[in-house]
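For reference, the chains in residue letters:
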Amino acid sequence: MTEPDTDAPVAAVMAYSTADHLPAVRAFAQRQAEQLGLTPDRTMSLVIAVSELVTNTLQHTSGGGLVRIWAENDQFACDVIDGGPLRSFGGPMPAADADRGRGLAIVERLCDQVSTVAGAEGTVVRLRFPLAAG
């Protein structure tokens, strides 16, 4: 897994710390994706993925986090940053009757690339999509 460069150019940043912020975070992600040229289908995939990651932050860590979004080199990128532990990707989708545990598997299936690294700001989960047609 390639480690993300945590010094990437920033287009927009939004902080969140409570469940009340979740609708605003979703709207922020959608607005930024549309402004930066992500296709409508991939925009919805991004919104769902960001929602899953932010929900995990709010359920499993304290202190909230940040969402930052930018585009460079024909790539759309979104970081979800929090104080939690590194996430483990690459696992199977939990069984249909499982009560929990689908969030990271959903994120991984919705995004073209997902990587995670512990950085100076905390744990960074980076989501990437190509901006080219598709």
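What counts as what
- Residues numbered from 1 in each chain as written.
- Predicted model: local features only at pLDDT ≥ 70, side-chain atom pairs only at ≥ 80, totals over all residues.
- Heavy atoms only, no water.
- Core = buried A, V, L, I, M, F, W, Y, C linked by side-chain atoms within 4.5 Å.
- Buried < 20%, exposed > 50% of the residue type's maximum accessible area, 1.4 Å probe, protein only.
- Helix = DSSP H or I, 4+ residues; strand = E, 2+ residues; numbered from the N terminus.
- Contact = heavy atoms within 4.5 Å.
- Axes fitted to C-alpha atoms, helices over the stretch in contact; angles between N-to-C directions.
- Parallel < 35°, antiparallel > 145°, perpendicular 65-115°, else oblique.
- Left-handed = near helix turned anticlockwise from the far one by under 90°.
- Nonpolar A, V, L, I, M, F, W, Y, C, P; charged D, E, K, R; others polar.
- Expected span 1.5 Å × (residues − 1).
- Salt bridge = Lys/Arg side-chain N within 4 Å of Asp/Glu carboxyl O.
- Pairing = 2+ DSSP bridges.

Undergrad: Now, about the nonpolar core: what can you tell me, with residues and values included?
TA: Judged by nonpolar contacts, the single largest core of 27 residues is most densely connected at Leu46, Val50, Val67, Cys78 and Leu127. Mapped by element, the contributors of at least two residues to this core are β1 (12–16), α1 (22–36), α2 (40–60), β2 (65–72), β3 (75–82) and β5 (122–130). The leading source of residues in this core is α2, at six residues. Contacts of Cys78, omitting those with residues within four sequence positions, involve Leu46, Val50, Val67, Arg68, Ile69, Val125, Arg126 and Leu127.

Undergrad: Pulling in residues and values, what's your account of the packing of α2 against helix α3 (residues 103–110)?
TA: Axis separation between α2 and α3 bottoms out at 9 Å; the angle between their running directions is 155°. Classified by the angle between their axes, α2 and α3 sit roughly antiparallel to one another. α2 and α3 meet at a crossing whose hand is left-handed. Where α2 abuts α3, its residues Ser45, Ile48, Ala49, Glu52, Leu53 and Asn56 lie against Gly103, Leu104, Ile106, Val107 and Leu110. Taken together, the residues of the contact of α2 with α3 break down into seven nonpolar, three polar and one charged.

Undergrad: Tell me what's going on with α2, and back it up with residues and numbers.
TA: If you check α2, its first and last C-alpha atoms are 30 Å apart, about what 21 residues at 1.5 Å a residue would give, namely 30 Å. Residues of α2 that are buried include every one of Arg42, Thr43, Ser45, Leu46, Val47, Ala49, Val50, Ser51, Leu53, Val54, Asn56 and Thr57, and no others. Taken together, the buried residues of α2 touch β1, α1, β2, β3, α3 and β5.

Undergrad: I'd like a description of the environment of Arg128, backed by residues and values.
TA: Residue placement: Arg128 occurs in strand β5. Ignoring anything within four residues of it in the chain, the contact list for Arg128 reads Glu72, Gln75, Phe76, Ala77, Cys111, Asp112 and Gln113.

Undergrad: Please give an account of the pattern of salt bridges that cites residues and values.
TA: Using the criterion set out here, one finds four salt bridges in the structure. The residue Asp112 makes a salt bridge to Arg42 at a minimum N-O spacing of 3.7 Å. Of this pair, Asp112 sits in the loop between α3 and β4 (113–119) while Arg42 sits in helix α2, and the two are 70 residues apart along the sequence. You can call Asp112 partly exposed: its relative accessible area is 42%. Overlapping salt bridges bring together Arg68, Asp79, Glu121 and Arg126 as one network.

Undergrad: Any details on the environment of Phe76? Residues and values, ideally.
TA: For Phe76, the location among the structural elements is in strand β3. Residue classification places Phe76 among the buried residues on the basis of a relative accessible area of 0%. Measuring from C-alpha to C-alpha, the distance between Phe76 and Ala33 comes to 7.8 Å, with 43 residues separating the pair along the chain.

Undergrad: Can you break down unusual backbone geometry residue by residue, with the values?
TA: Of note in this structure, Asn73 is not a glycine but carries a positive phi near 50°. For Asn73, the position within the fold is in the loop between β2 and β3. Positioned with a positive phi, Asp74 is a non-glycine residue whose angle comes to about 60°.

Undergrad: Can you tell me about the pairing of β2, naming the residues and giving the values?
TA: Both β1 and β2 contribute to a ladder of five bridges, which runs antiparallel. Bridge assignment links Ala15 to a residue of β2, and that residue is Leu66. As paired elements, β2 and β3 share eight bridges and run antiparallel to each other. Across the sheet, the residue bridging to Trp70 is Ala77, located in β3. The hairpin formed by β2 and β3 contains two residues between the paired strands, and Asn73 there has a positive phi angle of roughly 50°.

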